[in-house]
Amino acid sequence: GKVILLTYTAETYNHLAEVFGVWPYPRGHHQYAAYLRYKGVVFILADARFCPYLPDALRVKPSPMLKAVVAPRNTNCVQACVTEGMRCEEKDFW
């Protein structure tokens, strides 16, 4: 039969869950990869950020300059980065 690989991120998983009629968050996976049968087709769902089985070309990697920054309580991420002379990249936060 047919097998289709679908990669997802936390931001896109809800859409897949609606299409396939599954839980709105990943369950029953192994290292962020799960398979399900839908209308006679096997779908492999793999988290593009965390699944170690995916080749580099299909992975979503953090920005190369991503760095953890310590900030005072109640300081938002943007301000914490500005204080360090850095800028937040939206794709690194979900």
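Quick caveat: nothing in here was measured; it's all calculated off a predicted structure. (Residues numbered from 1 in each chain as written. Predicted model: local features only at pLDDT ≥ 70, side-chain atom pairs only at ≥ 80, totals over all residues. Heavy atoms only, no water.)

## Thoughts on the sheet that holds strand β2 (residues 33-38)
At step 1: Judged by pairing direction, the sheet is mixed, and its three strands sit side by side in the order β1-β3-β2 without closing on themselves. Every other strand in the sheet has two partners, leaving β1 (3-8) and β2 as the edge strands with one partner each. Here the strands of the sheet are splayed against their neighbours by 25 degrees on average, with no regard to which way each runs.
At step 2: Sheet topology places β2 next to strand β3 (residues 41-47); six bridges connect them, and they run antiparallel. When the bridges of β3 are listed, Ala33 appears paired with Ala46. (Pairing = 2+ DSSP bridges. Helix = DSSP H or I, 4+ residues; strand = E, 2+ residues; numbered from the N terminus. Axes fitted to C-alpha atoms, helices over the stretch in contact; angles between N-to-C directions.)

## Let's talk about unusual backbone geometry
At step 1: One non-glycine residue, Tyr32, lies in the positive phi region at around 70 degrees.
At step 2: Relative to the assigned elements, Tyr32 resides in the loop between α1 (13-20) and β2.
At step 3: The exposure class of Tyr32 is partly exposed, given its relative accessible area of 37%.
At step 4: Although it is not a glycine, Lys39 sits at a positive phi angle of roughly 50 degrees.
At step 5: Its relative accessible area of 73% is what places Lys39 among the exposed residues. (Buried < 20%, exposed > 50% of the residue type's maximum accessible area, 1.4 Å probe, protein only.)

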